[in-house]
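Per-entry structural report
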Amino acid sequence: MVKAEQLKTYPHLADVKPVVLYNFVKKVNPQNPTKKLDERGKELRRTAELSLDQYFKNKNFQNNDVLLYNLETYVDPSQGEYFTKVDAEKIKQLVPKEFFGFASLNKKTKEETNYYLWVDKKNDKFKIVDIVPNEKENAKFYASVKQYLPKYKFERKYMPTVKKEPKLTKQTKDFFYIMPFEQNKDNIEYKTDDFETFILSQVKEGEAWIGVEKPRK
């Protein structure tokens, strides 16, 4: 709850429902407390629990670093489990009010993982999605990429550029156009309306972009 409240204070996320942020945080952060503890770990958990009891008794759920520290200490006092942190300053609004990139830091290994939150306002839903197409479910997509750029590989370390194009007709789907981080001069652009099925839109070989599908007006 506290982490969700922290994210809510970030201007880009002001219009996102609290339940969306809360469920996103649940996905990114571990929920099961560490079970096997030494005596020091048990002591730290008891101290954290006493502090938390006071906050909960007073219904103090505001953005509070001490409260957050005690929550983390209660969950994993020995810091022996995989534990992640979402830094609000590293949130990127890739498409205003609809698509966000979150950099999550593993505090133990110092490794960063990018998560993507899609707020589907049309259907009042939200999903944590992957911007890299599933190879088994998008065989045609990968065949097209291989045809144009045989050595192309996806890079997950960097967040992509994501944009939406205006609908041309009532029949036109509401696509997100994704352009991964450019490696050298080769790059691709692909589109999706559900983050499950992806269609290659255009490729860049050297300096020139080549349209794979019919050119968009």
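Just so you know, these numbers come straight off a predicted model, no measurement behind them.

This paragraph deals with the nonpolar core. One finds Phe99, Ile131, Phe141, Ile188 and Phe195 to be the most contacted residues of the largest nonpolar core, which totals 24 residues. Per-element accounting of this core gives the leading share, three residues, to helix H5 (residues 139-148). Leave out the neighbours within four places in its chain, and Ile131 touches Phe99, Tyr116, Pro160, Ile178, Tyr190, Phe195 and Phe198. One finds Phe102, Tyr115, Leu117 and Val119 within the second-largest nonpolar core, a separate group that totals six residues.

Relative to the assigned elements, Asn114 resides in strand S4 (residues 112-120). By relative accessible area, which is 17% here, Asn114 ends up buried. Among the polar contacts made by the side chain of Asn114, one reaches the main-chain carbonyl oxygen of Arg156 at a distance of 3.1 Å. Of the polar contacts made by the side chain of Asn114, one reaches the backbone oxygen of Lys157; its length is 3.1 Å. What Asn114 contacts, discounting residues up to four positions off in sequence, is Phe102, Ala103, Arg156, Lys157, Tyr158 and Met159.

The final tally for this structure, using the stated rule, is seven salt bridges. Ionic pairing is found between Asp174 and Lys164, a salt bridge with its closest N-O pair at 2.8 Å. Taken together, the residues Asp174 in the loop between strand S6 (161-164) and strand S7 (176-179) and Lys164 in strand S6 connect sequence positions ten residues apart. We classify Asp174 as partly exposed; its relative accessible area is 25%.

What counts, and where the lines are drawn
- As a convention, each chain's residues are numbered from 1 in the sequence order in which they are written.
- Confidence filtering applies because this is a predicted model: local features only for residues at pLDDT of at least 70, side-chain atom pairs given and counted only at 80 or more, and all residues used for totals across whole chains, interfaces and linings.
- Excluded from the side-chain calculations are hydrogens and water; all other atoms, namely the structure's heavy atoms, are used.
- Among buried residues, those of type Ala, Val, Leu, Ile, Met, Phe, Trp, Tyr and Cys that are joined through side-chain atoms within 4.5 Å constitute a nonpolar core.
- Relative accessibility thresholds used throughout: buried, under 20% of the residue-type maximum; exposed, over 50%; partly exposed, between the two (1.4 Å probe, protein chains only).
- Helix numbering and strand numbering both begin at the N terminus, where a helix is a DSSP run of H or I of at least 4 residues and a strand a DSSP run of E of at least 2.
- When checking whether two residues touch, look at their non-hydrogen atoms; a contact exists if any pair is within 4.5 Å.
- Here a polar contact means two N or O atoms within 3.5 Å. Within protein one must be a hydrogen donor candidate and the other an acceptor candidate, and residues neighboring in sequence count only if both atoms are side-chain atoms.
- Salt bridge criterion: a side-chain nitrogen from Lys or Arg within 4 Å of a carboxyl oxygen from Asp or Glu.

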